[in-house]
Amino acid sequence: MILCYDLEVSPETFDVAGAIALAQAQAKSQSSELETIVLIPGKKAGFRSNDDTYPINEQRWRLTELVLPLISICAPNCSVLSFKSRNEAAAWLEQFSPKNQRYPIGYDIEKPHAQFCVSEFLDAVKAERTLPKWEADPQALTISKEWIQKNLPKAAKGIVSITLRQTHSFAPRNSNIEEWKSVTTWLQARGYGVIVVPDTETAVTAIDDWPNETLWQTPCYNLKIRQALYQSCTLNLFVNNGPAILCYQSNSPYLSFKLVTPGVNVSNIEYFAKEGFYPTQPWPQSSDKQKLVWEDDNFLTITSAIEEWEAGTPRNYDFWRAACLEASNAGEQQKLASYSAVAAAFCHDRSAALALRTGAVASLGRLSEAMLIVLAAIEENLDPTRFQQELSQWKTKIPAGSFELLERILSKQAALTKESGKLLSLRELVETLQNQKTYHSLYIYGTGVTGEKALKSLPNPNSAIGFSDSNPELHGKTRHGKPIVAPQTAVDDLDSQILIASMYGDEILESLLKRGVSIDRIAFADL
């Protein structure tokens, strides 16, 4: 089999490791092997036409110092071909590579598509393909162990690596450095030796932030040493970051945090919904010592997860339920978020633990995330009665509209996915779950052009009582002869429907549900 890694649609990042893993799994399922990796140049100096993340010189550096070394790690027995132009690559593929022997399956250089996302890993598992587990290079292991022995000889409990993300690309995803410094001190006090691997982009300046004995920069520039380090460690700690794939596709133990980053399109909650990879779910084919913890990288979350990871037997559900309810009653939101995330990652009573996490995040106002956790429970075929029983304990802590939506998702599970198995949009999900009811009056939420169009499209414009908008400066004014009122005014009029007519429809929907509006009262204008 031939892997076609097209740099017009795929980045010069750790994504190539994911592509190799998927191609190897596909080849194995066909009783074949991945034999060749073809690097196909993009249209802009060999890279993606629409990508300005890095200057061309840095992209070239990343190709030779990141992509090629990753290939040597993940597919050491493969041939690698690169071409000066797409025409050269097309001619070679035409002559030597039948489409049914290419990965992605049927790859066409005229219609390239990147097919190396999380959803592809999930599809591979559903198709009963076995994902690879890579082993470190023996010489690199020797070097790694010698460095550890020389620099951390008194680490009684073992070695923990902390891999940082500190890059200008999608900066909100970066590690919380101050929290990780506190975690380092905490780990050292418990008898661990700690090795901090800085981001390659900031490796030179990282020494200003960390003591010499905890910082190792070599793995930033030598990926075989990096992989060997991870394999040598007792535990490896990450945020959502490219290097983690070297642990995900190995037997090396890890805890990974901060999977979701609001406002970042490659890691926000909408991204995971689109991929069909729901909060609380583990990485495909991972072990009990390999965990994703779906909460930010703060000290409490990290240390609580490490304590649970250390335990031979994780604490039972009753412990976590009591801890989370106590935190909720005390208004300690950080404790509630942290404890419920760790419970969802480790607790063996998974039906109850996911219900606990659902109730916790919904009570914290994270409704979209709560919805996806319900879908995770459905997809994993967890006990719906047990889930409902435990979720009901959070009923008084969650806005009525939000709780109603969660219950309906649980009870109407068969209608929640399309044939593709992917999550519907938030709008489609609500419309799927609604009980049809006729309203003779309504408020239009949105005063812009879309709101105006919505008014004009009504069969009976007189059915609109007025407009609603969150901008207090508009309240009391009129638009097309209709008053503009505060959202709460529309919410309180229980006999009227609320028609969302705004480009910010999902945010408005979530705000209405948090205010306790029944999903049956909400409608969407066709934009």
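Residues numbered from 1 in each chain as written. Predicted model: local features only at pLDDT ≥ 70, side-chain atom pairs only at ≥ 80, totals over all residues. Heavy atoms only, no water.

### Observations concerning the overall build of the protein
Consideration 1: Helix and strand counts for the protein stand at 21 helices and 15 strands.
Consideration 2: Here the protein has a C-alpha radius of gyration of 26 Å; the compact-globule value for 527 residues is 24 Å, and the two agree.
Consideration 3: Expressed as lengths along the three principal axes of its C-alpha atoms, the size of the protein is roughly 75 × 60 × 45 Å.
Consideration 4: Looking at the protein residue by residue over its 527 residues, the buried ones come to 55%. (Helix = DSSP H or I, 4+ residues; strand = E, 2+ residues; numbered from the N terminus. Rg over C-alpha atoms; globule rule 2.2 N^0.38 Å. Buried < 20%, exposed > 50% of the residue type's maximum accessible area, 1.4 Å probe, protein only.)

### Observations regarding the pairing of strand β13 (residues 482-485)
Strand residues, when the strand is regular, have side chains that alternate between the two faces of the sheet.
Consideration 1: Sheet analysis places strand β11 (residues 464-468) next to β13, joined by two bridges and oriented parallel. Bridge pairing in β13 places phenylalanine 467 opposite isoleucine 484.
Consideration 2: In the sheet, strand β12 (residues 478-479) pairs with β13 via two bridges, with the strands oriented antiparallel. When the bridges of β13 are listed, threonine 478 appears paired with proline 483. (Pairing = 2+ DSSP bridges.)

### Notes on the packing of aromatic side chains
Consideration 1: Under the criterion given, the structure shown has 16 aromatic pairs.
Consideration 2: Judged by centre distance (4.2 Å) and plane angle (10 degrees), the ring pair of tryptophan 147 and tryptophan 216 falls under stacked. Taken as a pair, tryptophan 147 in helix α5 (residues 138-151) and tryptophan 216 in the loop between β6 (192-197) and α7 (218-221) lie far apart in primary sequence, 69 residues in all. With respect to class, tryptophan 147 is no different from tryptophan 216; both count as buried.
Consideration 3: Ring geometry for tyrosine 248 versus tryptophan 283: centroids 4.9 Å apart, planes at 35 degrees, classification tilted. Of this pair, tyrosine 248 sits in helix α9 (residues 245-248) while tryptophan 283 sits in the loop between α10 (269-275) and β9 (290-292), and the two are 35 residues apart along the sequence. (Phe/Tyr/Trp six-rings, centres within 6.5 Å; stacked < 30°, edge-to-face > 60°.)

### Looking at the side chain of serine 144
Consideration 1: Relative to the helices and strands, serine 144 is located in helix α5.
Consideration 2: Judged by relative accessible area, which is 0%, serine 144 ranks as buried.
Consideration 3: Apart from residues no more than four positions distant in its own chain, serine 144 is found in contact with Trp216, Ala228, Leu229 and Ser232. (Contact = heavy atoms within 4.5 Å.)

### Some words on the pattern of salt bridges
Consideration 1: All told, the structure shown has 25 salt bridges when counted by the stated rule.
Consideration 2: With a closest N to O distance of 2.9 Å, lysine 274 and glutamate 275 form a salt bridge.
Consideration 3: You can call glutamate 275 buried: its relative accessible area is 4%.
Consideration 4: For aspartate 349, the salt bridge is made with arginine 386, and the minimal N-O distance between the two is 2.5 Å. One end of the pair, aspartate 349, is in the loop between α13 (333-346) and α14 (350-363); the other, arginine 386, is in helix α16 (residues 384-391), and 37 residues separate them in sequence. (Salt bridge = Lys/Arg side-chain N within 4 Å of Asp/Glu carboxyl O.)

### Focus on the sheet that holds strand β8 (residues 254-257)
Consideration 1: If you walk across this open sheet you meet the five strands as β6-β5-β7-β8-β9, and the pairing is parallel. The open sheet terminates on both sides in strands that have one partner only, identified here as β6 and β9. Adjacent strand axes in the sheet meet at a mean angle of 15 degrees, parallel and antiparallel pairs treated alike.
Consideration 2: Bridge analysis of β8 against β9 gives three bridges, and the strand direction is parallel. Within the sheet, the bridge partner assigned to leucine 255 lies in β9 and is lysine 291.
Consideration 3: Each of β6, β7 (235-239) and β8 is contacted by helix α11 (residues 299-310), which is oriented at about 155 degrees to β8, the strand it contacts most. (Axes fitted to C-alpha atoms, helices over the stretch in contact; angles between N-to-C directions.)

### Focus on the pairing of β8
Consideration 1: Covered by surrounding structure in β8 are Tyr254 and Ser256 together with Leu255 and Phe257, the residues of both alternating faces.
Consideration 2: Bridge count between β7 and β8: four bridges; the pairing is parallel. Bridge pairing in β8 links valine 239 to phenylalanine 257.
Consideration 3: Taken together, β8, α10 and β9 constitute a β-α-β crossover, and its handedness is right-handed. (Right-handed = clockwise from strand over helix to strand, strands pointing away.)

### With respect to the nonpolar core
The nonpolar side chains of a soluble globular protein tend to be buried with one another.
Consideration 1: By size, the foremost hydrophobic cluster in this structure holds 138 residues, and its most contacted members are Ile20, Trp180, Leu187 and Leu237.
Consideration 2: Counting residues per element, this core draws most heavily on helix α15 (residues 367-379), which supplies 10 residues.
Consideration 3: Setting aside chain neighbours within four positions, we find leucine 187 in contact with Val160, Ile162, Tyr192, Val194, Leu237 and Ile306.
Consideration 4: Counting 16 residues, the second largest nonpolar core, distinct from the first, contains Ala140, Val197, Cys220 and Ile225. (Core = buried A, V, L, I, M, F, W, Y, C linked by side-chain atoms within 4.5 Å.)

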